[in-house]
Amino acid sequence: MFPRPLTPLAAPNGAEPLGRALRRAPLGRARAGVGGPPLLLPSMLMFAVIVASSGLLLMIERGILAEMKPLPLHPPNREGAPWRQALPRPGGLSLEAGDPDLQVRQDVRNRTLRAVCGQPGMPRDPWDLPVGQRRTLLRHILVSDRYRFLYCYVPKVACSNWKRVLKVLAGVLDNVDVRLKMDHRNDLVFLADLRPEEIRYRLQHYFKFLFVRDPLERLLSAYRNKFGEIREYQQRYGAEIVRRYRAGAGPSPAGDDVTFPEFLRYLVDEDPERMNEHWMPVYHLCQPCAVRYDFIGSYERLEADANQVLEWVRAPPHVRFPARQAWYRPASPEGLHYHLCSAPRALLQDVLPKYILDFSLFAYPLPNVTREACHQ
């Protein structure tokens, strides 16, 4: 059984848009209620999660979880919803027979989410979050009222293609193959655009999902894209990283030659809650304890999981998830292994704790950067 939900912070009752209310509300930690314990921050759970992660990964290696039946991410509470009737297992990933590794990963993911999010003091609602965290969350959840779903987008996990799908479903684009530069704001509706009572209704009644990716592979993808191709990021972030971490860089570096170890050093010194969204941990972007997601898809099964979601929300048959472009070369496990083995081991030890909840909650193994593994 789950603990009793925390008493949520009172939402504004007037007709004032949420954005204005958030700007006016004081920053600080949310409370669980009068006399209740303060909310636990991720750092306070770090040791317990690391220990749990080690045990879970060991169980995966030994196959102990292979025979366990998957548990839903959260107890079903909207049995009458059309998408709920269509789900073979509420909150569970529909996996093909004969794919035990994926089944084990989903089992671990579901159970770890339940264990961590069930701890006393963990948020059960966006209004349990401090104002800054709530603002980040609501700005990353996209709304489809026509198909009654909420999607928390995670940069570098195919979010541009999902935004393209939402625009097709809304009638803004004719099809997902239209060739144009993606506008990441216009013609999209975010939860942050709505009033608190409208947000609560959609969180209670709509199908909610997100997609995740190996945390370090996502970081490598962001590094390659932003510092290798995007001039704005080179000037805004790259130049500062070079000035800060490269001896003799000079006062005005171009920022177009940031090394991966320099990027990692920058991440070590950054507050995860204030990071750029392209390398902010998924935990902070989508708050999987404050929002009870009905489905968490994987980048590793992107096309199959995405089309399953479209089926569940009853999208028109002609709407499909965009195929990967032939020219696109995603960050590969081999490329990640090379970059990690080329980075100082002490640096990796400093970076990993910032993403430990992403590794743990979503059942991704920690990297093997032993001397033996790196010399293979």
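Structure first, text after, so check above.
Residues numbered from 1 in each chain as written. Predicted model: local features only at pLDDT ≥ 70, side-chain atom pairs only at ≥ 80, totals over all residues. Heavy atoms only, no water.

A. Just the overall build of the chain, in detail. Within the chain, the regular secondary structure consists of 16 helices and four strands. Scored against the burial criterion, the 376 residues of the chain give a buried share of 50%. Across the chain, every contact between residues at least 6 apart in sequence was considered, and the portion connecting residues at least 24 apart equals 73%. Summed over all atoms, the accessible surface of the chain reaches about 18,400 Å², with 52% contributed by carbon and sulfur. (Helix = DSSP H or I, 4+ residues; strand = E, 2+ residues; numbered from the N terminus. Buried < 20%, exposed > 50% of the residue type's maximum accessible area, 1.4 Å probe, protein only. Contact = heavy atoms within 4.5 Å. Areas by Shrake-Rupley, 256 points an atom, 1.4 Å probe, with all protein chains shown as cover.)

B. Quick look at the pairing of strand S4 (residues 295-298). Burial along S4 is two-sided: Phe295 and Gly297 facing one way and Ile296 and Ser298 facing the other are all buried. Pairing analysis gives four bridges linking strand S3 (residues 207-212) to S4, with the strands arranged parallel. Pairing of Val212 across the sheet is with Ser298, part of S4. (Pairing = 2+ DSSP bridges.)

C. How the structure looks around the environment of Leu285. Summarising the element assignment, Leu285 is placed in helix H11 (residues 282-286). Residue classification places Leu285 among the buried positions, given a relative accessible area of 0%. Taking the C-alpha atoms as reference points, Leu285 and Arg139, 146 residues apart in sequence, are found 8.8 Å from one another. In this structure Leu285 touches Thr136, Leu137, His140, Cys152, Val154, Pro155, Arg218, Glu277 and Met280, once residues within four positions along its chain are discounted.

D. Representation of the pairing of S3. Counting buried positions along S3 gives six out of six residues, so the element sits mostly inside the fold. Of the two faces of S3, the one holding Phe207, Phe209 and Phe211 and the one holding Lys208, Leu210 and Val212 are both buried throughout. When strand S2 (residues 149-152) meets S3, the two strands line up parallel, connected through four bridges. What sits directly across from Leu150, in S3, is Lys208.

E. A look at the pattern of salt bridges. Tallied over the entire structure, the rule returns 11 salt bridges. Between Asp177 and Arg320 there is a salt bridge; the shortest N-O distance is 2.5 Å. Within this pair, whereas Asp177 is found in the loop between helix H6 (159-169) and helix H7 (196-205), its partner Arg320 is found in the loop between helix H12 (302-312) and helix H13 (333-342), the two being separated by 143 residues in sequence. The class for Arg320 is partly exposed, based on a relative accessible area of 36%. Its salt-bridge partner being Arg244, residue Glu240 comes within 3.6 Å of it at the nearest N-O pair. Pair noted here: Glu240 and Arg244 are both in helix H9 (residues 231-245), with a separation of four residues, about one helical turn. (Salt bridge = Lys/Arg side-chain N within 4 Å of Asp/Glu carboxyl O.)

F. Geometry of the sheet that holds S2. On the basis of which strands lie adjacent, the open sheet formed by four strands has the order S1-S2-S3-S4 and mixed pairing. Among the strands making up the open sheet, the edge pair consists of strand S1 (141-144) and S4. Across the sheet, the mean angle from the axis of one strand to that of its neighbour is 25 degrees, orientation sign disregarded. (Axes fitted to C-alpha atoms, helices over the stretch in contact; angles between N-to-C directions.)

G. Up close: H6. Among the 11 residues in H6, nine count as buried, and that is most of the element. Within H6, the full set of buried residues consists of Cys159, Trp162, Lys163, Arg164, Val165, Leu166, Lys167, Val168 and Leu169. The inward-facing, buried residues of H6 contact S1, S2, S3 and H12. Residue Gly171 follows H6 closely and has a positive phi angle near 85 degrees.

Coordinates in, geometry out; function isn't part of it.
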